[in-house]
Every structure is written in structure tokens, then in C-alpha cells.
Amino acid sequence: MITVDTPQGQVRGRTGAGVTSFLGVPYAEAPFGPRRFQAPSPPPTWDGVRDALELGATVPKVGYRPPTSEILSEPVVPGDDCLNVNVFTPDVGGSAPVFVWIHGGAFVNGSNAIPTYDGSAFARDGVVAVVINYRLGVDGFASIDGAPANRGMLDQVAALEWVRDHIASYGGDPARVTIAGESAGAMSVGTLMSMPRAEGLFQRAILQSGAGHHVITAETAAKVSAALASGLGVEASIDGLDSVPVDALVDAQRELSDRITAEAPTGAWGELALNVMAFEPYIDGDVVPALPFSRISDGASAQVDVLIGTTSEEHAFFIVPAGIVPHLTEDYVKMVLAGYRADPSALDRYREQLPDASAGELMIAVMTDWFFRIPATRLVEARSGDAFVYEFTWRSSLFDGALGACHALEIPFVFDMLHKPETARITGPNPPQQVADQMHRAWVDFVRDGSPGWDRYGTDRAVMMFGNEPGVALDPRSATRAVWDGVR
């Protein structure tokens, strides 16, 4: 055990194998009661010593259904003090660079209690790791009359302000902060890069499977909230939604999301037909001033070092476990391309790139590009190639290999947590430690020095491929990238 003095009070952590962890440290008061649907409060303080030996509470969330629940861990820790951080440090008396992890989960799931988000390997290698919670779903992102917009993003800013003001007490350097995240976490990073309120709170950014395109308009957010409130028989206001028990509100959120997904092809939900995330950051003109990609194109965070990338077959995660891949046809894929406003004949480009692929595998490639790869490419292009780009190519053995290099597969490699039992749920047995060694080292080097060990994207479009045989490829998949010029 070890106790440190912090601006909040004394905090007791646990030391072992050269790493000290402090779990469940609150960066804001519990967001319930009079604080429900409000901006996060200043950090609480206390007298005496506060134990930080166990994981803190997780925020209200919908949870995953099968088959996703069989692949991803989604622990629930009861309690109200859910706006908390986990800190892993090599030396409480040091001044190490800081890695702040923002979890994914489509803005409705996830937490810092997920086992593969253990930051011990970063601390082992000289980096202070901070893993945060933030409000999700209705509490974090619904448009509510009388409530501040984008409360989940305000939570993330509050967590970064906590890092700025408190991390020195845990052995971190507040002037060397890297924010990082995967999926909704990476979309959050892209949004933070565009937000005036987040300026100066970080110097580097890592975006894994997310970039600067995934926000919705205020009009769409208001439509979603009105539908939610109507279904509950209340007003879309603080008083109206606060009158609904938390569990019932989460259930209503899930039911509405299911309805939106089912009705999306009819066009009834506008932009959500493509985005399919009903609760996510929205452009409110203040917290999120504009489309993050547009703000970044105009120079926001130009001074921030960026590492960004995707997995090779992101969308396999979303459709392979459901068993629909064998039933897809090329005509259906062409219909999807048309829905994305691309020329259906572009399927020929994908066929040339993947000559032996089934229609379902072509669908995975198309959806991976639209949702993940092209937004990442556009963010890098907006910075004139000034970013380090990677692609994770190692393929899971699950579903007879069909899961491939899917969404979220790279996370346990980045955290060097292949030994965690939960990892096998997405990798299959015996994932290669050498890939984790390479990828984790690149992330540590970027956090510490600003370079992961290969050249910036630049005019050559250099991309590091992480797999069994890692190496840099120049302008990979150029033909299918061109499909989206002027479209995405």
C-alpha cells in the first residue's frame, strides 16, 4: 500500500510489480439528485485517507446483447460515484508522460472497469495511464431542455482538467498528456480536438477506429429526445426525464435505439439511417461548435501530434457473429453503396482488390471504409499528412477465421493484456505476443517522444501494418480510397 497527498486529500493505492494503481478516484461529484443532467461538478475533497483499492462505480448503460456480449466484457460496478478515474503509475514521485484512455461502446456502453483497460503495462514502461468514465446514453448525450448540451463530452473535459490539476500528485507530467480512445472513444478524441473547451489540455492524440465525422445535428438530437420523452409520457426536460427511474430510462433508451435501427431504412430518422447511433455528441454550437472534421480542417489542434488508424476488417465485428454474411448478395452491397451516395459500380474496385471475397466480405470492406477508414484518412489529409497512420491486420481465429481483423481486436495488443482471460473472447486462443510487443511499444514511444517509430503519412501515404509481419505500406488500397473522393 502507498498513500499520496493530492489536492483532493490523501489517497491510498496498491503497489505491486513496480506499478502503483489508484482505482475509482472521483474527478467530479456523483451526477445524480440535483446534479442529474447538469455539467460535471468540481472534484470532491475529503478529510483523512480515501482508499482507491477497488474499481469505482460504472455509469448507467444498456449493456450488450448476444452475440456481442459473448465477445466483449461489460462489467457493472454499482454505486453513484461513477465519474471516476483509474490511475496506474510507475513512480508517484516522478514526472512521467501521461496516457489518458477514453473507452468505446457506441456512447451507450463501456467503462474503465473493463479488464483489458488495465494500464499496468503502460506504467511498467514508464507512462502514467489514466482510464476514465463519462456519462453515456441519455444522461450523457440526449438533448434535454434546460440542460447543458453534450454532458458526456463535458465529463471528458472535466477528467482532463482533473489530470491537469492532480496528476502530478500521482507522478505524472501535466504538460505531456496524450488522449487516446477506440471507437466511440476515438470519436470522442476527434471531438475533443475540435472543442475550444479542451484546448491546451493535451499535446498528443491517438484515435483507434474513429475520427472526426461521427456527430449528429442538433435537430436530429432533439428529434431523438422528443421521441424518447413521448414514449415515456413526459417532457424532454430535466424535470420530465428526471421523474423516470434510472433503470426505466435506460430501458426506454434501448427500445428507442432498436426502433430507430428498424425504421432507419425508411428514411424516417434522416442521418441516423447511416450513423445508427441515436445518442452521441451533437453539434450544439457551443460545447461542440461544428462538425469536428470541419474544425480540424480549419486548423483546430494543428499543434497536436496525431496517431490514427483502423483495423483491416472493422465491420466484421458487427455482422459476422450475427450470421448474416453468407446471405448477402452483390446486389445488396451495391444498394449499400448507393445508400452511401457512392456509385454502385464502385463494387468493381472492391472486387479487384479482393478477387476471392464473397459478397459478405465485400460488404465488410465497403462498410469498414465508409464508417472508419475514410474518416480517418480525411482527418489526416486535413492535416496535410501530418500524422502517423497504422492498420491492424492480424486476424482473430474466431468464427472459423471469419471475424478477421475486426473492430476492437487491437485493444488488448495496445494495452499488452493478451494474458487476460477476457482477451480470448475476441482473439481466440494463443494470440501472438510479438504483435502486442510491437504495438504496445509504438504507443509508449508516441506518448513519450511523439513518434511511434515510422514515418508520418505525408505525400507517400505511409501506413504501418501491424500483423504477423509488420511493415510500412505506401498508399495501401488506393483504388478503393478513390471510390470515396467527393463522397465521404
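Conventions adopted
- Residues numbered from 1 in each chain as written.
- Predicted model: local features only at pLDDT ≥ 70, side-chain atom pairs only at ≥ 80, totals over all residues.
- Heavy atoms only, no water.
- Helix = DSSP H or I, 4+ residues; strand = E, 2+ residues; numbered from the N terminus.
- Rg over C-alpha atoms; globule rule 2.2 N^0.38 Å.
- Buried < 20%, exposed > 50% of the residue type's maximum accessible area, 1.4 Å probe, protein only.
- Contact = heavy atoms within 4.5 Å.
- Areas by Shrake-Rupley, 256 points an atom, 1.4 Å probe, with all protein chains shown as cover.
- Lys, Arg positive; Asp, Glu negative; His and termini not counted.
- Charge placed at Lys NZ, Arg CZ, Asp CG, Glu CD.
- Axes fitted to C-alpha atoms, helices over the stretch in contact; angles between N-to-C directions.
- Parallel < 35°, antiparallel > 145°, perpendicular 65-115°, else oblique.
- Left-handed = near helix turned anticlockwise from the far one by under 90°.
- Nonpolar A, V, L, I, M, F, W, Y, C, P; charged D, E, K, R; others polar.
- Salt bridge = Lys/Arg side-chain N within 4 Å of Asp/Glu carboxyl O.
- Phe/Tyr/Trp six-rings, centres within 6.5 Å; stacked < 30°, edge-to-face > 60°.
- Lys NZ or Arg CZ within 6 Å of the ring centre and 35° of its normal.

Next up on the list: the overall build of the protein chain. Of the regular secondary structure elements, the protein chain holds 18 helices and 15 strands. Its C-alpha atoms give the protein chain a radius of gyration of 22 Å, within 12% of the compact-globule value 23 Å for 488 residues. In terms of overall dimensions, the protein chain has C-alpha extents of about 65 × 55 × 45 Å along its principal axes. Buried residues in the protein chain amount to 59% of all 488 residues. Summarising the internal contacts of the protein chain: among those between residues at least 6 apart in sequence, 76% fall at separations of at least 24. About 17,800 Å² of surface is accessible on the protein chain, with carbon and sulfur atoms providing 50% of the total. Of note, the protein chain has its 35 positive side-chain charges centred 2 Å away from the centre of its 60 negative side-chain charges.

Here we take up the environment of Ala106. Along the chain, the position of Ala106 falls in the loop between strand 6 (96-102) and helix 2 (120-124). Given a relative accessible area of 31%, Ala106 falls into the partly exposed group. Along the backbone, Ala106 and Thr423 are 317 residues apart, and their C-alpha atoms lie at a distance of 20 Å.

This part is about the packing of helix 6 (residues 218-232) against helix 8 (residues 246-263). Running from N to C, helix 6 and helix 8 cross one another at 120°; their axes reach a closest spacing of 10 Å. With respect to helix 8, the element helix 6 is oriented oblique. Remark: the crossing between helix 6 and helix 8 carries right-handed chirality. Counting all contacts with helix 6, which are made through Val224, Ala227, Leu228 and Leu232, the residues of helix 8 involved are Leu249, Ala252, Gln253, Leu256, Arg259 and Ile260. Of the residues in the contact of helix 6 with helix 8, the class split is eight nonpolar, one polar and one charged.

By the definition in use, this model includes 27 salt bridges. Lys61 is the salt-bridge partner of Glu74, the closest N and O atoms lying 2.3 Å from each other. Pair noted here: Glu74 is in the loop between helix 1 (68-71) and strand 5 (84-89) and Lys61 is in the loop between strand 4 (49-51) and helix 1, with a separation of 13 residues, a long-range link. The closest approach of N and O atoms between Arg65 and Asp258, which form a salt bridge, is 2.8 Å. Placement of Arg65 in the loop between strand 4 and helix 1 and of Asp258 in helix 8 is noted, with a sequence separation of 193 residues between them. Accessibility expressed as a relative area gives 39% for Arg65, which makes it partly exposed.

What follows deals with the packing of aromatic side chains. Per the stated rule, a full pass over the model turns up 24 aromatic pairs. Judged by centre distance (5.1 Å) and plane angle (70°), the rings of Tyr390 and Trp443 are edge-to-face. On the criterion of sequence distance, the pair formed by Tyr390 in strand 13 (residues 388-392) and Trp443 in helix 17 (residues 433-449) is long-range, its members being 53 residues apart. Residue classification places Trp443 among the buried positions, given a relative accessible area of 0%. Put simply, the rings of Phe317, Phe318, Tyr340, Trp370, Phe371, Phe372 and Trp484 touch in pairs and so form one group of aromatic residues. Here the basic side chain of Arg50 rests over the ring of Trp46, its NZ or CZ set 5.0 Å away from the ring centre. The side chain of Lys223 reaches across the aromatic face of Trp269, ending 5.1 Å from its centre.

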